[in-house]
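# Descriptive structure summary
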Amino acid sequence: MPVRVLGIESSCDETSLAIVEDGRQILSNVVSSQIGLHERFGGVVPEIASRGHIEAIGPLLVEALDRADCRLQDLDAIATTFAPGLQGALLVGLMTAKGLAWGLDVPLVGVHHLAAHIWANRMAHHDLPLPFLCLLVSGGHTEVVRVDGPEHFRSLARTRDDAVGEAYDKTARLLGLGYPGGPAIDRLAAEGNPNAFAFPRASMSEGLDMSFSGLKTAVRRLAERHVEAGMPIPVADVAASFQRAIVDVLAHRMEKLAEQEGLEVLAVAGGVAANRELRARLATVAEKRGWTFVAPPMELCTDNAAMIAGLGTELLRAGRVATPDLAARSRYSLDALAPT
Ligand code: KG4
Ligand code: ZN
């Protein structure tokens with residue numbers, strides 16, 4: 001009998017529900033973005049996000065079931081994001097999941113949002129060998145992670161300040177490109193000259209950590225200089241040069257860490273994994289070294305519930321069923337997931 005798992009995701013500004021069969025086949029994956037609610041604030045407002053999830057989650061459940069041609073009684077388990085994220089936003093999905101699991105008398109599985117982003121690579125590429133090295137780049141996180149299994153992650157390097165997605169969003173706001181900034185800069189960068197401006201490639205002097213706040217400041221200074229001189233900001237060239245600096249740093253780190261760990265399989269995950277230049281560069285690095293590079297399809301990069309159901313199924317198989325006291329946790333490191 002196939003196993004059907006309902007995934008629920010509400011950790012930030014996307015409400016998503018998905019039904020996945022046997023951890024791989026996506027029967028439905030509906031995503032409702034709150035971008036319209038937060039746009040005028042230039043970032044996610046936690047209280048507004050919680051309310052948005054509450055309003056969206058009921059109709060989305062009906063839609064996810066309809067699209068999958070599935071009834072509530074056909075579900076074998078409920079998987080929900082429990083960490084990390086906005087506390088109030090997480091609670092909406094978690095409480096819905098608890099109610100459904102209790103009402104249907106099926107197991108509840110708690111899924112770590114970042115682990116699910118990473119595991120989306122395994123969902124999309126079933127034969128992806130373990131261990132692999134994954135670059136996790138989202139709005140709130142930037143780390144290079146060694147992946148040894150669905151609960152075994154070791155963070156090898158991280159940003160000391162801004163996450164890459166955050167740097168994209170802040171820079172886009174500065175350039176008047178709106179929120180979220182990543183897709184807008186990605187599009188514009190394709191039209192600009194990536195060598196127009198030599199923005200800093202920040203590498204921390206000791207260790208392998210990264211830093212992106214200096215880059216953001218460099219863009220701000222450049223924009224200010226243009227405004228002071230009464231000149232228009234060459235937005236496409238700035239976007240292309242900014243993106244090139246980010247991709248250079250990330251690709252360099254991945255190559256160095258893969259070498260250090262003796263890993264020959266590279267992957268990328270999180271919202272910024274949708275970035276075309278980043279994907280292309282990592283593919284080039286892998287090709288040059290005779291390594292393998294994989295990336296999830298676009299719809300599994302940004303926040304979605306299919307990845308929650310996918311990893312949830314894997315955890316269910318391993319017997320990791322949550323107890324009713326499963327709590328929402330705004331912070332929770334990937335390294336802390338390993339069972340003791
Ligand atoms: O993983 P995600 O959907 O949400 C978090 O958990 O943070 O990531 C959202 C981030 C945003 O900062 C957005 O600007 C960025 O991913 N992003 C991109 C692209 N698409 C989304 N950044 C660069 N290029 C893109 N194409
Ligand atoms: Zn995410």
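Predicted model, so just to flag it, every value in this text is computed and none were measured. (Residues numbered from 1 in each chain as written. Chains lettered and ligands numbered in written order. Predicted model: local features only at pLDDT ≥ 70, side-chain atom pairs only at ≥ 80, totals over all residues. Heavy atoms only, no water.)

### So, the overall build of the chain
Counting its secondary structure elements, the chain contains ten helices and ten strands. Expressed as lengths along the three principal axes of its C-alpha atoms, the size of the chain is roughly 65 × 45 × 30 Å. Residues classed as buried in the chain amount to 54% of the 340 residues present. Looking at the chain alone, contacts between residues at least 24 apart form 72% of all its contacts between residues at least 6 apart. Of the accessible surface of the chain, which amounts to about 14,500 Å², a share of 52% is contributed by carbon and sulfur atoms. Distance from the positive charge centre (32 side chains) to the negative charge centre (41 side chains) of the chain: 5 Å. (Helix = DSSP H or I, 4+ residues; strand = E, 2+ residues; numbered from the N terminus. Buried < 20%, exposed > 50% of the residue type's maximum accessible area, 1.4 Å probe, protein only. Contact = heavy atoms within 4.5 Å. Areas by Shrake-Rupley, 256 points an atom, 1.4 Å probe, with all protein chains shown as cover. Lys, Arg positive; Asp, Glu negative; His and termini not counted. Charge placed at Lys NZ, Arg CZ, Asp CG, Glu CD.)

### Overview of the site of ligand 1
Near ligand 1, the surroundings consist of 20 residues, among which G139, D169, G182, D186 and G271 are the closest. Between ligand 1 and H113 there is a distance of 3.3 Å, counted from an oxygen atom to a side-chain nitrogen or oxygen. Residue G182 places a main-chain N or O atom 2.9 Å away from an oxygen atom belonging to ligand 1. Its free accessible area being 560 Å², ligand 1 has 89% of it covered by the protein chains. Looking at the shell around ligand 1, the elements that each hand over two or more residues are α4 (113-124), α5 (164-174) and α6 (181-189). Counting residues per element, the shell around ligand 1 draws most heavily on α6, at four residues. (Near = heavy atom within 4 Å. Polar contact = N/O pair within 3.5 Å; in protein donor to acceptor, adjacent residues only side chain to side chain.)

By themselves these figures say nothing about function.
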